[in-house]
Amino acid sequence: MTSPPIIGLNWKMNPADRDQTAALIAGMGERLSVMRSSQLILFPPAVFLDQVRALQKEYGVFVSLGVQDLSTQAVGSYTGEISAPMAFDSGAEFSLVGHSETRKRQALTDTEVKHKFERATEHSVVPILCIGYQEGSEEGDVDYDVIKQQVMTVLEDYRAYIREHGLIIAYEPTWAIGTGDPADPETIETVCLYIQKLIAELAGQDTLDEVYVLYGGSVNKDNVRAFLDITSLNGFLLGGASLKPEEVASIVEQVEEK
Ligand code: PGA
């Protein structure tokens, strides 16, 4: 694991209401209110962004904020969608782009994921490109063609952007998300190196210092240690664990001790 690590906290469609949101931020405040060497990025439901922003100041929680998805469009009649300018104006510095649950629910093509990525970069939101989605894939499967297609379709026109701004990619095999059964460290390392090779071919080897590859899929406080020796890995995207402040604190501590 290289430093400084990034730890994303993807709350998905949780918590249920504002009271529980307040309790979660208070819990994080108790455990995470000192400046960290890792960068924490919290992705709450967008309707709670304002509340989270106010509470994080009150409790002194050092997290950046992000949204879980963005519209492919910047403006217009798109019921239910959140645009990149709205996200930015609400304090979101980051956005997940192409999370596997979003890809599936919206039946997204890689080109549509690219449009979301484009809207983010046009409106000062840093996209975190999630890849690794394979419909019907089995545990342990790594389809390098799918990974290559997901990376290249979105990023082929972004060579200059990557050189200027760097890049964050999250590798999240669908079979590991929410199952309690993460990918094994060897698989994660192999895929991280493969992603780095693709980016190096695209934007140059010298960009890799600013290219962060995260792993997501059933990471928790009891298994995170197994991933800390992966030198090509730069952090984690946590789902279930992100809703338990003591679990988040334990993961952050283990990552930072490394
Ligand atoms: P999980 O989710 O940690 O609950 O597996 C990860 C994610 O979907 O980002």
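Placed above this text is the structure.
A short tour of the structure in this document, coming up.

Rules used throughout
Residues numbered from 1 in each chain as written. Predicted model: local features only at pLDDT ≥ 70, side-chain atom pairs only at ≥ 80, totals over all residues. Heavy atoms only, no water. Near = heavy atom within 4 Å. Polar contact = N/O pair within 3.5 Å; in protein donor to acceptor, adjacent residues only side chain to side chain. Nonpolar A, V, L, I, M, F, W, Y, C, P; charged D, E, K, R; others polar. Patch = residues over 30% accessible without salt bridge, like charges linked within 9 Å, V, L, I, M, F, W, Y side chains within 5 Å. Areas by Shrake-Rupley, 256 points an atom, 1.4 Å probe, with all protein chains shown as cover. Salt bridge = Lys/Arg side-chain N within 4 Å of Asp/Glu carboxyl O. Lys, Arg positive; Asp, Glu negative; His and termini not counted. Charge placed at Lys NZ, Arg CZ, Asp CG, Glu CD. Helix = DSSP H or I, 4+ residues; strand = E, 2+ residues; numbered from the N terminus. Pairing = 2+ DSSP bridges. Axes fitted to C-alpha atoms, helices over the stretch in contact; angles between N-to-C directions. Contact = heavy atoms within 4.5 Å. Buried < 20%, exposed > 50% of the residue type's maximum accessible area, 1.4 Å probe, protein only. Left-handed = near helix turned anticlockwise from the far one by under 90°. Phe/Tyr/Trp six-rings, centres within 6.5 Å; stacked < 30°, edge-to-face > 60°.

This next bit is on the site of the ligand. Close to the ligand lie 13 residues, the nearest being Lys12, His99, Glu172, Gly178 and Ser218. Measuring from an oxygen atom of the ligand, one finds a backbone N or O atom of serine 218 at 2.7 Å. Across the shell around the ligand, the residue classes break down as four nonpolar, seven polar and two charged.

In this section: a negative patch on the surface. Negative charge collects at one region of the surface, where Glu138, Glu139, Asp141, Asp143, Asp145, Asp181, Asp184 and Glu186 lie side by side. With respect to the secondary-structure elements, glutamate 186 resides in helix α8 (residues 185–203).

Moving on, we get to the sheet that holds strand β1 (residues 6–10). Either a parallel or an antiparallel arrangement is found when strands of a sheet pair, and the pairing is made through backbone hydrogen bonds. Ordered by their spatial adjacency, eight strands build a closed barrel running β1-β2-β3-β4-β5-β6-β7-β8, and the pairing between neighbours is parallel. Going from strand to strand, the sheet's axes swing by 25° on average, the running direction of each strand aside. Where strand β5 (residues 126–131) lies against strand β6 (residues 167–171), four bridges are found, and the strand directions are parallel. Its bridge partner being in β6, isoleucine 128 is matched across the sheet by isoleucine 168. Of the strands in this sheet, β2 (39–43) and β3 (64–67) touch helix α2 (residues 49–59), which is tilted by about 175° from β3. α8 contacts β5, β6 and β7 (211–216) of the sheet and is inclined by roughly 145° relative to β6.

Scanning the model with the defined rule gives 11 salt bridges in all. Two residues, aspartate 69 and lysine 116, come together in a salt bridge whose shortest N-O distance is 2.9 Å. In this pair, aspartate 69 sits in the loop between β3 and α3 (84–89) while lysine 116 sits in helix α5 (residues 110–122), placing the two residues 47 residues apart along the sequence. For the pair formed by aspartate 69 and lysine 116, the shared burial category is buried. Its salt-bridge partner being glutamate 118, residue arginine 119 comes within 3.3 Å of it at the nearest N-O pair. The same class applies to arginine 119 as to glutamate 118, namely buried. One continuous salt-bridge network, built from bridges that share partners, spans Glu118, Arg119 and Glu122.

Here helix α1 (residues 18–32) crosses helix α9 (residues 245–257) at 35°, and the two axes come no closer than 9 Å. The two elements α1 and α9 meet at a crossing, and its hand is right-handed. On α9, the residues that touch Leu24, Gly27, Met28, Arg31 and Leu32 of α1 are Pro245, Glu246, Val248, Ala249 and Val252. Taken together, the residues of the contact of α1 with α9 sort by class into seven nonpolar, one polar and two charged.

For the rest of this paragraph, the subject is the packing of aromatic side chains. For the structure on display, the rule yields seven aromatic pairs. With a centroid separation of 4.9 Å and an interplanar angle of 80°, the aromatic rings of phenylalanine 117 and tyrosine 158 are classed as edge-to-face. Placement of the pair is phenylalanine 117 in helix α5 and tyrosine 158 in the loop between α6 (144–155) and α7 (159–165), with a sequence separation of 41 residues. Residues phenylalanine 117 and tyrosine 158 agree in their burial class; the two are buried. Relative to tyrosine 161, the ring of tyrosine 158 has its centre 5.6 Å away and its plane inclined at 85°; by these criteria the two rings are edge-to-face. The residues tyrosine 158 and tyrosine 161 share a single accessibility class, namely buried. Taken together through their ring pairs, the aromatic side chains of Tyr171, Tyr215, Phe227 and Phe236 make up a single cluster.

Another aspect to go through is the side chain of serine 242. Looking at the element boundaries, serine 242 is found in the loop between β8 (235–238) and α9. Reaching out from serine 242, the side chain makes a polar contact with the backbone oxygen of glycine 239 at a distance of 2.6 Å. Residues within four places of serine 242 in sequence aside, it is in contact with Leu9, Asn10, Trp11 and Val248.

Before going further, it helps to spend a moment on the side chain of aspartate 69. On the accessibility criterion, aspartate 69 (19% relative accessible area) is buried. A polar contact of 2.8 Å, which involves the side chain of aspartate 69, links it to the side chain of glutamine 106. At 2.9 Å, the side chain of aspartate 69 forms a polar contact with the side chain of lysine 116. Once you skip the residues sitting within four places of it in the chain, aspartate 69 turns out to touch Ser95, Leu96, Thr102, Gln106 and Lys116.

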